[in-house]
Amino acid sequence: MATGGPEIEQLIMLLARLPGLGPRSARRAVLHLIKKKEGLMIPLSAALDRAVAAVTVCEVCGNVDTRSPCGICADPRRNESGLLIVVEDVADLWALERAGVGAVKYHVLGGVLSPLDGVGPDDLAIDSLVSRAGAFSEIVLAVNATVEGQTTAHYITDRLQGLGVRVTRLAHGVPVGGELDYLDEGTLSQALKARTAI
């Protein structure tokens with residue numbers, strides 16, 4: 001039931017479409033924005049306008065930035081590692097950057113292969129990955145440990161065969177701080193298979 005004007009209701013409906021926000025959370029966020037109109041709502045509106053005008057997708061790796069090539073691709077220090085990390089989405093790239101994985105370069109696929117959802121190889125940035133591959137000594141497939149992620153990893157590995165580049169995957173298994181009795185059988189099995197020497 002509408003309790004505010006059409007502008008307020010539209011704002012609530014738009015915010016409710018964001019991940020992690022439902023209608024109730026969106027309504028609370030809108031009320032907070034209204035209460036803090038001068039200090040929050042007006043600067044947020046201006047920042048959104050600037051972002052709409054400035055944000056672009058990097059033509060090299062698929063990252064989101066305000067320039068193309070993005071800051072990561074344009075950084076000459078990142079050429080030294082010879083490492084290219086392939087991720088499903090920009091959020092994965094940002095997570096790896098926050099983790100401080102080092103002076104590496106990235107390639108964003110834009111999703112994973114999913115025939116049931118109608119996502120095939122032509123819908124992902126796989127061809128551009130294959131064309132970039134020769135410039136790197138190692139390609140790390142940092143895709144999720146889902147059926148679709150593993151299928152995508154196998155497909156990419158097949159496409160990269162014969163290019164003279166080492167292809168690896170992220171290790172799967174016991175998380176840092178994890179307790180064995182709380183882990184599922186698949187995680188434990190994978191951790192045992194991927195064991196390393198001390």
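From a predicted model like this one, the values you see are computed outputs, not experimental measurements.

1. A few points about the overall build of the protein
Summing up its helical and strand segments, the protein has eight helices and six strands in all. In the protein, the succession of helices and strands from N to C terminus is α-α-α-β-β-α-β-α-β-α-β-α-β-α. Taken against the 2.2 N^0.38 rule, which gives 16 Å for 198 residues, the C-alpha radius of gyration of the protein at 21 Å runs more than 25% over that of a compact globule. Restricting to contacts in the protein with at least 6 residues of sequence separation, those with at least 24 account for 46%. Each charge class in the protein was averaged separately, 19 positive and 23 negative side chains, and the resulting centres sit 7 Å apart.

2. Some points on the packing of helix H1 (residues 6–16) against helix H2 (residues 23–35)
As a packed pair, H1 and H2 sit with axes 8 Å apart at the nearest point and diverge in direction by 125 degrees. By the angle between their directions, the pair H1 and H2 is classed as oblique. Handedness of the H1/H2 crossing: right-handed. Contact with H1, carried on its side by Ile-8, Glu-9, Leu-11, Ile-12, Leu-15 and Ala-16, involves Pro-23, Ala-26, Arg-27, Ala-29, Val-30, Leu-33 and Ile-34 of H2 and no other residues of that element.

3. Quick word on unusual backbone geometry
In the segment running from Ser-68 into Pro-69, the intervening peptide bond is cis, with an omega of 0 degrees. Structurally, Pro-69 can be placed in the loop between strand E2 (64–65) and helix H4 (71–74).

4. Quick word on the layout of surface pockets
Space inside the largest pocket adds up to approximately 280 Å³. Lining the largest pocket, in full, are Leu-11, Leu-14, Leu-15, Leu-18, Leu-33, Met-41, Ile-42, Leu-44, Ser-45, Leu-48 and Asp-49. Listing elements by their share of the lining of the largest pocket, those giving two or more residues are H1 and helix H3 (37–54). Looking at the lining of the largest pocket element by element, the count peaks at six residues for H3. If you add up the space inside the second largest pocket, you get close to 160 Å³. Every residue lining the second largest pocket is listed: Ala-51, Val-55, Val-64, Asp-65 and Trp-94. Here the lining of the second largest pocket is built from residues that sort into four nonpolar, no polar and one charged.

5. Considerations on the pattern of salt bridges
For the structure on display, the rule yields six salt bridges. Between Arg-78 and Asp-75 there is a salt bridge, and its shortest N-O distance comes to 3.7 Å. Per residue, the accessibility class of Arg-78 equals that of Asp-75, and both read buried. Because the salt bridges share partners, they merge into one network encompassing Asp-75, Arg-77, Arg-78 and Glu-97.

6. Regarding the sheet that holds strand E4 (residues 105–108)
The four strands lie next to each other as E4-E3-E5-E6, forming an open sheet whose pairing is parallel. Both outer strands of the open sheet, E4 and strand E6 (166–169), are each paired with one neighbouring strand and no more. Averaged over all pairs of adjacent strands, the angle between strand axes in this sheet comes to 25 degrees, irrespective of strand direction. Here strand E3 (residues 83–87) runs beside E4; their pairing, made up of four bridges, is parallel. Bridge pairing in E4 places Val-87 opposite Val-108. Along the sheet face, helix H5 (residues 90–99) touches E3, E4 and strand E5 (138–142) and points at about 160 degrees away from the line of E4. Across the sheet, helix H7 (residues 147–160) is in contact with E3, E5 and E6; its angle to E6 comes to roughly 170 degrees.

Cut-offs applied
Residues numbered from 1 in each chain as written. Predicted model: local features only at pLDDT ≥ 70, side-chain atom pairs only at ≥ 80, totals over all residues. Heavy atoms only, no water. Helix = DSSP H or I, 4+ residues; strand = E, 2+ residues; numbered from the N terminus. Rg over C-alpha atoms; globule rule 2.2 N^0.38 Å. Contact = heavy atoms within 4.5 Å. Lys, Arg positive; Asp, Glu negative; His and termini not counted. Charge placed at Lys NZ, Arg CZ, Asp CG, Glu CD. Axes fitted to C-alpha atoms, helices over the stretch in contact; angles between N-to-C directions. Parallel < 35°, antiparallel > 145°, perpendicular 65-115°, else oblique. Left-handed = near helix turned anticlockwise from the far one by under 90°. 1 Å grid on protein atoms, 1.4 Å probe; cavity = no way out; pocket = protein on both sides within 12 Å on 5 of 7 lines; lining within 4 Å. Points joined across faces, edges and corners; volume = space filled by probe spheres on them. Nonpolar A, V, L, I, M, F, W, Y, C, P; charged D, E, K, R; others polar. Salt bridge = Lys/Arg side-chain N within 4 Å of Asp/Glu carboxyl O. Buried < 20%, exposed > 50% of the residue type's maximum accessible area, 1.4 Å probe, protein only. Pairing = 2+ DSSP bridges.

In short, the description is geometric, and any link to function would need to be established separately.
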